[in-house]
Amino acid sequence: MRYRSLLVILLVSLMVSPVLTAEKTGDEIIRKVDANMTFDTARFQSEMVIYIGEEVRRKTFVSYAKGRTNSFTEFLSPPRDKGVKYLKIEDNMWMYLPSVEKIIKIAGHMLRQSMMGSDFSYEDALESAKLLEKYQAELVSEEVLEDSPCYVIDLTARVKEVTYYRRRIWVDKNLFIPLKEELFAVSGKKLKVMTLGNMKKFGTRFYPTYMVMRDLLRKNSKTEMIISKVEFDLKIPEEIFTQRSLKK
Amino acid sequence: MFRIAFRNIFRNKRRSVLTGLSIAVAVMIAVYLWSLIVGIMDDLFDNMIRLTCGHVRILNTDYVKRERMMPLEANIPDYLAVEKIVAANPNVTLTVGRIKFGVLLEHQDENKPVIGVGIVPENESQISHLDQKIIQGRMIKSGQEEMNIGVILARELGLNLGDTLTVITQTAYGSISAMNLKIVGIFSFGVQSIDKITFYIPLDKAQPLLDLDNAVTEIFIYVKDKDNAPEVAKEIKASLDQVYPGKYTTKAWQDQEVLYFYMTIARNVYGFLYFLVLFLASFTILNTMFMAVLERTKEIGMMKALGMKNRQVMVVILLEAMLIGTIASFIGAVWGSGVAYYLATKGIDFTATFEKMGTVNFPLSYVYRAVFSWGIIFFGFCMGVLFSVVAAIPPALRAAKMEPTEALREI
Amino acid sequence: MLFKLAFRNIFRHFTRTFLTFLAIALGLAMLILIDSMLTGIDQESFDRVINYETGHIKIFDRGYREDEENLPLDKSIKDPKPIISKVKVDPEVAGITSRINFRIMLSDGIDQYPAVGVAVNPADDQAVFQLKQVVIKGEFLSGTEEAMVLGEDLAKDFGVSVGDYLTILTRTKYDTYQAIDLRIKGLLKTEDPKIDWAAVVIPLEVGQESLEMEESVTEIDIKLKDPSKVKDFRDKLNKELPGLEIATWKDLAADVVAIARAKRTGTGFVLFSVFIIALIGISNTILLAAFERTREIGMMAAMGMRRGQIIRLFVLEGAMIGVLGSITGCLLGMLINIPFVKYGINWGFVMRDVGDIGYRVTGVSRGVWNISMIVTAFVAGIVISALTSIYPARVAAKMEPTEALKRV
């Protein structure tokens, strides 16, 4: 008899939990997003297409990444950019220019500049900390974005040292992957918009293979990142994430 | 009468010397001061033309508004075709394409903004005389990855002949680009704004560095008559508009707005100054001459008593004035040209002061030089003689009319 | 007795006297005017710097000036109010205010130009600076409204005017992106390119909030009652406010000072030349006149005057003419200087239509009252006159009376 009431209680609790789990907090959603977007290691083959007014520039590159902390990128085309390499270790970034065989540390003012003329700045590329470490998340509403129902989450800086004071993320309710991100200045002015799409399945995870970043302060410009091939959790030798590998 | 005049002069040496001294000093000062002022002004305008804008400059219309940022995307593509159109104008003597680009040089934790200029060395030196301004090493050659760097810039960066500087910059399309450039020559134009922040590289190396194939950011044009530059600028714009409607803008050197404005002010100030000095100088001559003649009433009385007629007396006095005036003016002109020569070759040197300053946007030389101009010297001389004679007229008239007895009575 | 004689002599040789007097008067007047003009021009550039950029003294946080190029917001004065209250009551202080200078990009949504943001306190900025007076269109800021005032040339670059909006792109103290849209309330024209081409002025509170600066400022600006005491005041403040950096306008505008010095040497040269001409003019006239009076001297000697007396007489005459000439010269110089100082001369008259930007021409500089110059000129006139009279007097006085009488 006692067991029967226990069973009832269990049954009831099982029925209730889906309701509970449906009411996610901002924090929880972001945590799930972070989990989905994180990987141990990955190798990307991508193309970056920069649109400035009438001009279109296409660049292809290959990237190795270890978690959020280390990454190594080498540009393959066009010929003028071939051999240009970037190395990121934690909060530091270096660039290698084959034309002069020199490694340059990207620091100070340079960080604010656009990377290769795109809508991404070096700072953007350096972002590695988990969102929740710097931001407070709040679920504000739900919207449907291109046929996908999303959570709309507002992230407000909780520490002083952030690049973007506020961010707004549209998170796909089913896949827990961001579909759109808006970046704001302290005054609330919208500075950049990034949309992600073309989710593909890789093993158990979904990952966006198409990103568009728009720097709203630049005239008529947007940058597309198209991942043509990606491998997750492969073995990457440690030496790749060293300055020596820049010169090779 | 000449003889009388002559003897009169030597009879009272002291008076003649005093009179002459006044005139000589006034002429001397007139000569060297004007030489200095003209020298400084010419220098300023000259520097501006040779180093920053030519007689006429062609720019992409989109470049003009944002010139301070040196936007590489607003360039002159296919510049050789443009040069050809320009060269067809009979007033044009030389066309020189260049690329001006901004570079942030990293040096000792500081970012130093400097300006690189891609030039065709042989052509550019016809305008700026770069080849003559090399103080160490040699001028760059087309086709080589080398640079000429300003003497002050080199010193600030601790660079020497033979060192290689890696220049990292952004191309016209936002890519990062770099080049190792060997310093084969160090130059000094004597102009702070150039020597402190400029380096030159060959155009055919600047173009690939900046993704500007066949393009330049500006074209300097030299014309036959620089005062006519605005007209020629209009003509060239018209002929360019026929092929590339509205794409290009031409600017004559007189249209450099801010720079020209400040220089005009400088010129007006100095001109006025000189006018005042000249006024004082001529007044001094007048005054002295007047006094000199006045003092000789007794002498004049004697001449009259000896039978000379009024008119003759006047002529004698005027002759004397002319003689003293000529000799003194000549001496003054010689002294003046001496000082002018010294100022023209050595000049007044402000190098130390200028080096300590931040960058001045004026093409100011740091050595003030006078011009050595026969024209100015001659002018000073003539002025001295003229004023001497003119000054002598009123008192001469007065003296000539006097009664001999009256004159003799004067003490 | 000598006095009366000297007096009579002067009027006896009226023309001579007049010419000498004229030489002195004109020479001195010229000297005063040229000096006023040149000093005025220098002063103009200093005044511009002082009235628009530096004030007389600035107080910074320690370490700010080293990094000044970057206009760092983290090296700011955290709590300026007590410092301001303390310094304000000092009797030497004419006005005090505070500002924040910060690097910005100015944007109209299409183009971006680098510029300098200046957050000022509209209530007391006028106590030190004169930006309000140079608003040529629209109005200056007041209170804490969200508006900007910027250099006219900068506005022209964007093709905007009063009533339009521009965006200030910058970073807060914590390096976070910031962008503020502000309405243009007024346009400035100062003839100082650092302002006209590069300054965007906003209210201090708007600046503090947008830059996450709370109460801090990057500088405190002071205007003194007596500008000549800047250095002493700086030293005084250094003692009273340890931990802060104090700088005078000369420290801050070293290049303006250097240019002025360079110019001054050039114009000192000119002044010197003018002085020589005047000197020659005066002394020659006196010498000429004096040497002609040998007969007169002979007569005086014959009448029993001693050498010493004769010399003194001449010197007296010289001095008297000198006094007359100096007074006239200085008065003349000062008289002409009055409109000069009041209205100035417009140096910027340009005879042709300058380009399509329609550059407005106002290169005006005013004369100055340089009392030391006027006094020096006055004294010099008398001294030169008197001294130059000595020589001919001595020469003539040495002669034998009979010889002198023989002279013609």
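A. Layout of the overall build of chain A. When its secondary structure is counted, chain A shows five helices and 13 strands. Each principal axis of the C-alpha distribution contributes one length, and for chain A these read about 80 × 45 × 35 Å. A buried classification covers 29% of the 248 residues belonging to chain A.

B. Layout of the overall build of chain C. When its secondary structure is counted, chain C shows 13 helices and 12 strands. By the compact-globule yardstick of 22 Å for 408 residues, chain C is too spread out, its C-alpha radius of gyration being 31 Å. Considered along the principal axes of its C-alpha atoms, chain C spans approximately 100 × 55 × 30 Å. Each of the 408 residues in chain C was classed as buried or not, and the buried ones make up 48%. Long-range pairs, those at least 24 residues apart, make up 80% of the contacts in chain C between residues at least 6 apart in sequence.

C. Region of interest: the packing of helix α1 (residues 2–12) of chain C against helix α11 (residues 307–343) of chain C. Residue and element names in this part refer to chain C. Two numbers describe how α1 lies on α11: the axes approach to 9 Å, and their chain directions differ by 55°. Taken together, the axes of α1 and α11 are oblique relative to one another. In this structure, α1 meets α11 at a crossing whose hand is right-handed. Contact with α1, carried on its side by Leu2, Phe3, Leu5, Ala6, Asn9 and Ile10, involves Gln309, Arg312, Leu313, Leu316, Glu317, Met320 and Ile321 of α11 and no other residues of that element. Its residues assigned to classes, the contact of α1 with α11 shows nine nonpolar, two polar and two charged.

D. A look at the pairing of strand β9 (residues 219–224) of chain C. All names here are of chain C. In terms of burial, β9 is largely enclosed, as five of its six residues are buried. Pairing of strand β1 (residues 57–61) with β9, which is carried by three bridges, proceeds in the antiparallel orientation. Bridge pairing in β9 places Ile57 opposite Ile222.

E. Focus on the interface of chain C and chain A. At the junction of the two partners, chain C supplies 14 residues and chain A supplies 13 residues. In terms of residues, the side of chain C that touches chain A owes the most to one element, strand β7 (residues 177–188) of chain C, which gives five residues. Its residues assigned to classes, the side of chain C that touches chain A shows six nonpolar, five polar and three charged.

F. How the structure looks around the confidence of the model for chain C. Residue and element names in this part refer to chain C. Across chain C, the average pLDDT comes to 83, with 92% of residues at 70 or higher. When pLDDT is averaged over each helix and strand of chain C, the minimum, 58, is found for helix α13 (residues 401–406) and the maximum, 95, for strand β8 (residues 199–203). Taken as a whole, residues 350–361 scores under 50 in pLDDT and shows 14 contacts with residues more than four places along the chain or in a different chain. Across the interfaces of the predicted complex, the ipTM metric reaches 0.77, alongside a pTM of 0.76.

G. View of the packing of helix α2 (residues 14–54) of chain C against helix α9 (residues 254–291) of chain C. Residue and element names in this part refer to chain C. Taken N-terminus to C-terminus, the directions of α2 and α9 make an angle of 175°; their axes are 9 Å apart at the nearest point. By the angle between their axes, α2 is roughly antiparallel relative to α9. Residues that form the contact of α2 with α9 fall into these classes: 19 nonpolar, six polar and five charged.

H. Quick peek at the environment of Ala229(B). All names here are of chain B. Note that Ala229 resides in helix α10 (residues 229–243). Owing to 26 C-beta atoms within 10 Å, Ala229 belongs among the buried residues under this scheme. Counting along the chain gives 23 residues from Ala229 to Ala252, while the straight-line C-alpha distance between them is 5.5 Å. Sequence-distant contacts of Ala229, defined by excluding residues within four places in its chain, comprise His55, Val56, Val223, Ala252, Trp253 and Gln254.

Conventions and cut-offs
- Residues numbered from 1 in each chain as written.
- Chains lettered and ligands numbered in written order.
- Predicted model: local features only at pLDDT ≥ 70, side-chain atom pairs only at ≥ 80, totals over all residues.
- Helix = DSSP H or I, 4+ residues; strand = E, 2+ residues; numbered from the N terminus.
- Buried ≥ 20, exposed ≤ 12 C-beta atoms within 10 Å, placed from the backbone.
- Rg over C-alpha atoms; globule rule 2.2 N^0.38 Å.
- Contact = placed C-beta atoms within 7 Å.
- Axes fitted to C-alpha atoms, helices over the stretch in contact; angles between N-to-C directions.
- Parallel < 35°, antiparallel > 145°, perpendicular 65-115°, else oblique.
- Left-handed = near helix turned anticlockwise from the far one by under 90°.
- Nonpolar A, V, L, I, M, F, W, Y, C, P; charged D, E, K, R; others polar.
- Pairing = 2+ DSSP bridges.
- pLDDT = per-residue confidence, 0-100.

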